[in-house]
Amino acid sequence: EIAIRNKWVGENLFTISPAFNPDFFADYCNMLLKKNSKACLCGWVNVFAENIDVFLFFAEKNNLQKNKLPMDSETLATLYKKNKICRH
């Protein structure tokens, strides 16, 4: 919905997993940024009964410096723990 509203085009992916996987998100996002993508908008949503866990992040190709990836899984895991929105 965010991409449609802003007329963003390109790759998109929807997956189902039992838990937030920072390795998957970092690898997939970095792969796209190394190719033709200018940016990646990624998100994790987990809703179970009254528990809601939401985490969104945005990475831009501008942040790449001499083959340095814009994020690694450890940094992403830290951001997830510190910044997720969680309602119980």
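Everything numeric here is computed off the predicted structure, so don't read it as measured data.

> Please provide a residue-by-residue account of the overall build of the protein chain, values included.
Helix and strand content of the protein chain: 3 helices and 3 strands. A buried classification covers 23% of the 88 residues belonging to the protein chain. Taking the contacts inside the protein chain whose residues are at least 6 apart along the sequence as the reference set, 54% of them involve residues at least 24 apart. Element-wise, carbon and sulfur atoms account for 53% of the exposed surface of the protein chain, whose accessible area totals about 7,200 Å².

> Run through the layout of surface pockets, naming residues and quoting values.
Of the pockets and cavities examined, the largest pocket occupies roughly 1,300 Å³. The wall of the largest pocket is formed by 31 residues, among which Asn-12, Leu-13, Leu-41, Cys-42 and Gly-43 lie closest to the centre. Put simply, the parts of the chain that give the lining of the largest pocket at least two residues each are helix H1 (2-5), helix H2 (22-34), strand E1 (39-48) and strand E2 (51-60). Counting residues per element, the lining of the largest pocket draws most heavily on E1, at 8 residues.

> Give a detailed account of the packing of H2 against helix H3 (residues 73-83), specifying residues and quantitative values.
One can describe the packing of H2 onto H3 by two numbers: an axis separation of 8 Å at closest approach and a directional angle of 125 degrees. When the axes of H2 and H3 are compared, the pair comes out oblique. Here the hand of the crossing between H2 and H3 comes out right-handed. Of H3, the residues touching H2 (which contributes Pro-22, Asp-23, Phe-25 and Ala-26) are Ser-73, Leu-76 and Ala-77. Classifying every residue of the contact of H2 with H3 gives 5 nonpolar, 1 polar and 1 charged.

Conventions and cut-offs
Residues numbered from 1 in each chain as written. Predicted model: local features only at pLDDT ≥ 70, side-chain atom pairs only at ≥ 80, totals over all residues. Heavy atoms only, no water. Helix = DSSP H or I, 4+ residues; strand = E, 2+ residues; numbered from the N terminus. Buried < 20%, exposed > 50% of the residue type's maximum accessible area, 1.4 Å probe, protein only. Contact = heavy atoms within 4.5 Å. Areas by Shrake-Rupley, 256 points an atom, 1.4 Å probe, with all protein chains shown as cover. 1 Å grid on protein atoms, 1.4 Å probe; cavity = no way out; pocket = protein on both sides within 12 Å on 5 of 7 lines; lining within 4 Å. Points joined across faces, edges and corners; volume = space filled by probe spheres on them. Axes fitted to C-alpha atoms, helices over the stretch in contact; angles between N-to-C directions. Parallel < 35°, antiparallel > 145°, perpendicular 65-115°, else oblique. Left-handed = near helix turned anticlockwise from the far one by under 90°. Nonpolar A, V, L, I, M, F, W, Y, C, P; charged D, E, K, R; others polar.

Distances and angles like these do not, on their own, reveal function.
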